[in-house]
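Each chain, letter by letter, is given below.
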2 protein chains.
Amino acid sequence: MSVAFIGLGAMGGPMAGHVYQAGLLKAVANRTLPKAQAFANAHDGVVAVASLADLPAAVDVVISCVTADADVLALARDLAALKRPGLVLIDHSTIASKSAQQAANILRAEGADFLDAPVSGGVEGARNGKLSIMVGGQPETLARVQPILQCYAARMTHMGDVGAGQNTKAVNQVLVAGIAQAVCEGMALGEALGLDPTRLLPTLGAGAAQNWFMEKRGPTMLQNQFSSGFKLALLHKDLLIVQALAEAAGTDHSIVDKCLADYGQLMQSGHGDDEISSLIRLKRKPGSR
Amino acid sequence: MSVAFIGLGAMGGPMAGHVYQAGLLKAVANRTLPKAQAFANAHDGVVAVASLADLPAAVDVVISCVTADADVLALARDLAALKRPGLVLIDHSTIASKSAQQAANILRAEGADFLDAPVSGGVEGARNGKLSIMVGGQPETLARVQPILQCYAARMTHMGDVGAGQNTKAVNQVLVAGIAQAVCEGMALGEALGLDPTRLLPTLGAGAAQNWFMEKRGPTMLQNQFSSGFKLALLHKDLLIVQALAEAAGTDHSIVDKCLADYGQLMQSGHGDDEISSLIRLKRKPGSR
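Procedures and definitions
Residues numbered from 1 in each chain as written. Chains lettered and ligands numbered in written order. Predicted model: local features only at pLDDT ≥ 70, side-chain atom pairs only at ≥ 80, totals over all residues. Heavy atoms only, no water. UniProt positions renumbered as here; feature names shortened; annotations may be inferred. Helix = DSSP H or I, 4+ residues; strand = E, 2+ residues; numbered from the N terminus. Contact = heavy atoms within 4.5 Å. Core = buried A, V, L, I, M, F, W, Y, C linked by side-chain atoms within 4.5 Å. Buried < 20%, exposed > 50% of the residue type's maximum accessible area, 1.4 Å probe, protein only. Buried area = accessible area lost by both parts, 1.4 Å probe. Salt bridge = Lys/Arg side-chain N within 4 Å of Asp/Glu carboxyl O. pLDDT = per-residue confidence, 0-100. Disulfide = S-S within 2.5 Å. Axes fitted to C-alpha atoms, helices over the stretch in contact; angles between N-to-C directions. Parallel < 35°, antiparallel > 145°, perpendicular 65-115°, else oblique. Nonpolar A, V, L, I, M, F, W, Y, C, P; charged D, E, K, R; others polar.

**A short note on the UniProt feature "active site" (unreviewed entry) in chain A**
Residue and element names in this part refer to chain A.
Piece 1. Those residues carrying the UniProt feature "active site" (unreviewed entry) are Lys169 in this numbering.
Piece 2. Structurally, Lys169 is set in helix α7 (residues 164-192).
Piece 3. Dropping the residues within four chain positions of it, Lys169 is found in contact with Thr94, Pro118, Val119 and Met134.

Structure representation (structure tokens):
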């Protein structure tokens, strides 16, 4: 298999690096071309492409890690236009399950195929190759590309037809956002009570409050460091998808609504590029830090 | 050391068992005496006492695992009345840090001492002897009783003076309650989307949504089983303490407020003895299950 990787951001960059290590990466592309060119310069045998029309003929698997539904649909159309039957697009972006189904329809009309394969595990999961990959699509297609996904998977789970991966990611984001609420509210209280973080965090982590987010972001949020991790504007974007999905499903989405309001407020005050643990700003006593 | 254990509930019962295994348990007491008598009958060399006046003379450490602030204060007064200098009361209950300080004052006036030592790790942590113990009090006193706490500790952390253990537990309960909100809201959505729990739970657990609560209570909540774990009326009681503490500290307590409202509603509809994961009832589409 020969792979092209599209979207070399905080997640995509290290993921593409793992595919390169496995000897499978042939081409990269990025919204801002210089980033793709820099990657190609640093990785022997990888070309940066400005347009999908320039995709090397050998490429039979395209992986995308981009931002919005429109990006993925445009990519599906461009790839369909290449008319390469057998081509597979694996999309790691977080988009609506309906958009994933549309992308699959566009590609399948030309004999290509699509897997929605959103990931979770943060930037450290991408760097260490330890992501949880939630896949929707044909099991045969997944079986074919499994050696590629293996390059950065802690776990790979086939959740059902196209869209089931995105539905799973929506549930994941409810948890991610809600756990951030819990941890930030708790950390702000612990800080105000003068509890020593080097004792508080491992103590909480050894009991029923244990969670990934506190382990990874607790120490940095208590030091007011919000530069590395998951940008809150991106979680806000994801939660709009989740809110619509829950509304349609008829389930309660009050925690999602609360997170949307809080992250919207942080975006308005210029913190959109902060890590999601920046929510602690709204939890602290006003004017305390 | 010789130990008396007071309060043989879902947590205290198995914890007392571990102290017995270590050969340190001499007496037990319980609000309903027959429970203490049954425990004593099943454990050689342990007596059930109806009143603290009957406490064996050899007992120098009393451990309590009861419900309310008033229970702990009454116990402190009864023990102080025994006038046994050197006696230590270790309290594992969740109460206000101010009540813990009152109990310490009462006991210290008679040459005895007090440690607030709330625990986290659930009924499984109590059973397996893997609790996180958050201790407030004199380091020398903690050092003395450490071999006893070791019987059921995964981790034991000295957090500061008397009350610091309870302050830590308050932070812990913010996380426990908020994570339950996140997980229950996510699980209700996953259920409505028809996602297979046997794939959903391990997938979420392998990424950034990983948390203790989902691992332990996810499978049971999706089967509508709420009989084992942490009774929601007890979490409601704890959160009233947390709410007052956060209010005094000036930090935001909106997730705590939301949890209090939701658990209050469940108590009113007769679910107070349910496990806290019973919150999923309020997250599901009305009438769906």
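**Structural notes on the nonpolar core**
Piece 1. If you look at the biggest cluster of nonpolar residues, it comprises 90 residues, and the most contacted ones within it are A:Met187 and B:Met187.
Piece 2. If you look at the next biggest cluster of nonpolar residues, it comprises 32 residues, including A:Phe5, A:Val19, A:Val61 and A:Val88.

**Some details on the interface of chain A and chain B**
Piece 1. Between chain A and chain B, the contact holds 64 residues from the first and 64 residues from the second.
Piece 2. Together chain A and chain B conceal approximately 5,100 Å² of surface at their shared face, both sides included; 69% is due to carbon and sulfur atoms.
Piece 3. When residues of chain A are sorted by the area they lose upon contact with chain B, A:Glu185, A:Leu189 and A:Ala208 head the list and together hold 12% of the total.
Piece 4. For the pair chain A and chain B, the number of links is 2 salt bridges.
Piece 5. Across the salt bridge formed by A:Lys283 and B:Asp252, the nearest N and O atoms sit 3.3 Å from each other.

**Examining the confidence of the model for chain A**
Piece 1. Mean pLDDT over chain A: 97, with 100% of residues reaching 70 or higher.
Piece 2. Across the predicted assembly, pTM comes out at 0.97 and ipTM at 0.97.

**Description of the state of the cysteines**
Piece 1. Applying the stated criterion across every chain, the model contains 0 disulfides over all chains.
Piece 2. You can see A:Cys65 has no disulfide; the closest cysteine sulfur is in A:Cys151, sitting 14 Å from it.

**Description of the UniProt feature "domain: 6-phosphogluconate dehydrogenase NADP-binding" (unreviewed entry) in chain A**
Piece 1. UniProt's entry tags residues 3-160 of chain A with the feature "domain: 6-phosphogluconate dehydrogenase NADP-binding" (unreviewed entry), counted in the numbering of this structure.
Piece 2. Across residues 3-160 of chain A one finds 40% helix and 25% strand; the C-alpha atoms that close the span lie 24 Å apart.

**Comments concerning the packing of helix α8 (residues 197-205) of chain A against helix α9 (residues 212-221) of chain A**
Residues and elements named next belong to chain A.
Piece 1. The contact between α8 and α9 brings their axes to 10 Å, and the two run at 170°. Considering the angle they form, α8 stands roughly antiparallel to α9. Contacts between α8 and α9 pair Leu201, Leu204 and Gly205 from the former with Met214, Gly218 and Pro219 from the latter.
Piece 2. Classifying every residue of the contact of α8 with α9 gives 4 nonpolar, 2 polar and no charged.

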